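# Coordinates in review
If you want the building blocks of each chain, they are given just below.
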Amino acid sequence: DKVLLHHLVIINTKNGDSEEERLSTNLYWPKSFVLPQQADSLEKYISSLQEKDNLEKYWILKDRAGYGSYGNRLVTNQEALSYANNNNKNMNNKSDSESVLCQKLVDPPLLINGRKFSLRVYVVCIPVVDDAVTTIGETYNKFYISTDGLVKLALLPYDTSVNNELLDDMHMTNSGRGEMDQCDFRFLREEIRRMRYNYDDLWEEIRQVVTNVTKRYKSLSEASRENTTTAATIDSSRSIFSLPKILGFDFIIDGSCHPMLIEVNRFPGLKPRDDSDAGVKNQVVMDAWYETMKTTSSFCTTIGFKEADMLKVSSLQP
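Residues numbered from 1 in each chain as written. Predicted model: local features only at pLDDT ≥ 70, side-chain atom pairs only at ≥ 80, totals over all residues. Heavy atoms only, no water.

## Structural notes on the overall build of the protein
Inclusion rule: In DSSP terms, a helix is any run of H or I states spanning at least four residues, a strand is any run of E spanning at least two, and both are numbered starting from the N terminus. For every residue, the accessible area (1.4 Å probe, protein chains only) is compared with the maximum for its type, and the residue is labelled buried under 20%, exposed over 50%, or partly exposed between those bounds. The criterion used for residue contact is that any of the two residues' heavy atoms lie within 4.5 Å. The protein chains shown are the only cover counted for residues, whose accessible areas, like all others here, come from Shrake-Rupley with a 1.4 Å probe.
The helix and strand inventory of the protein stands at 10 helices and 12 strands. Within the protein, the proportion of its 318 residues that are buried is 45%. For the protein, contacts bridging at least 24 residues in sequence account for 70% of all contacts bridging at least 6. Counting every atom, the protein has about 17000 Å² of accessible surface; 50% of that belongs to carbon and sulfur.

## Observations concerning the packing of aromatic side chains
Each aromatic ring pair is characterised by the separation of its centres together with the angle its planes make. The test is simple: Aromatic rings from Phe, Tyr and Trp, taking only the six-membered ring of Trp, are treated as a pair when their centres fall within 6.5 Å; an angle between ring planes under 30 degrees marks them as stacked, one over 60 as edge-to-face, and anything in between as tilted.
The full count for this structure, using the stated rule, is four aromatic pairs. Relative to Trp203, the ring of Phe185 has its centre 6.1 Å away and its plane inclined at 70°; by these criteria the two rings are edge-to-face. Placement of Phe185 in helix α6 (residues 185-194) and of Trp203 in helix α7 (residues 199-227) is noted, with a sequence separation of 18 residues between them. The same class applies to Phe185 as to Trp203, namely buried. A network of ring pairs unites the aromatic residues Phe33, Tyr45 and Trp59 as a single cluster.

## Description of helix α9 (residues 275-295)
Let me state the cut-off plainly: For a helix, the expected span equals 1.5 Å multiplied by the number of residues minus one.
In this model, α9 (21 residues) spans 31 Å end to end at C-alpha, consistent with the 30 Å of a helix rising 1.5 Å per residue. Of the positions making up α9, those classed as buried are Asp277, Ala278, Val280, Lys281, Val284, Asp287, Ala288, Tyr290, Glu291, Thr292 and Met293.

## Describing the environment of Phe187
Mapped onto the elements of the fold, Phe187 is located in helix α6. Judged by relative accessible area, which is 24%, Phe187 ranks as partly exposed. Residues Phe187 and Val151, spaced 36 residues apart in sequence, show a C-alpha to C-alpha distance of 8.2 Å.

## Side note on the sheet that holds strand β1 (residues 32-35)
Strand pairing in a sheet relies on backbone hydrogen bonds. The paired strands run either parallel or antiparallel. Under the convention used in this document: Pairing between two strands requires that DSSP report at least two bridges joining them. For helices, the fitted line uses only the C-alpha atoms of the stretch in contact; every axis is such a line through C-alpha atoms, and the angle between N-to-C directions lies from 0 to 180 degrees.
Strand order in the open sheet formed by four strands is β1-β4-β2-β3, with antiparallel pairing between adjacent strands. Two strands bound the open sheet, and with one partner strand each, they are β1 and β3 (72-76). On average, each strand axis in the sheet is tilted by 25° relative to the strand beside it, whichever way the strands run. Relative to β3, strand β2 (residues 58-63) is paired through five bridges, and the arrangement is antiparallel. Bridge assignment links Trp59 to a residue of β3, and that residue is Val75.

What follows is the structure, given as structure tokens:
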């Protein structure tokens, strides 16, 4: 849910966070507006850009529940304003589920071989019941980030003079768009070094963003759990079986080699498309179960698993 993610990282930032945390959020989340509710704010922002003669030409409109590239469309400043104003007039007839996220494109992006690319970073959430905390067991989540992921390159070279018919293939990097190049993070490391940037610095920034977002999610979940027994029941049932949840954090790297979070996928496609992503996806799934089994060793022993049956090396970091 793109709109929910926006509220998670931006709206909640205004309440109780330190100035350092607020500035940090602005550095990793592109300028975004929820439409039609924030139509006036979008208009003021674009007007200020025009006055400064510093135009962001393109935005991306995202349906709040879109999957892959479905529900995403590139628009110009004027098209974004037209959409906002037209829908703002009919806001009383629109439900919250019809809201869209209008997000500024990261420009300029870092390029690999002249093409725009995005990163799919896998994050594993493992619910745990800690019987040492309370007599009945308390549910909490452990989060891990995989050190390997996918680099997804756009179909066409990045060219700001390209005609509108080719914009999607120049900007969009969703694997659901069909044939496109995908590589692992070993390739990314070499490319970052070749461009004379520090890969370890980039990775640490990505880790910090993931940590920030998962902390906010945890706080929101805890607040929701206090207000509803349903959420607690669902969490409890998942925890009994300690089923891992794999999330997909998507980043665009800006021209100064800083990560910009653009989406979090609750259901990232884990079925390999071909050999280019099979190794990464299969490893992430196996590592998720490996870490899950380590947290539930007594349960695993009960059903016949032994320590020797588990993988010895995991690509996941706490």
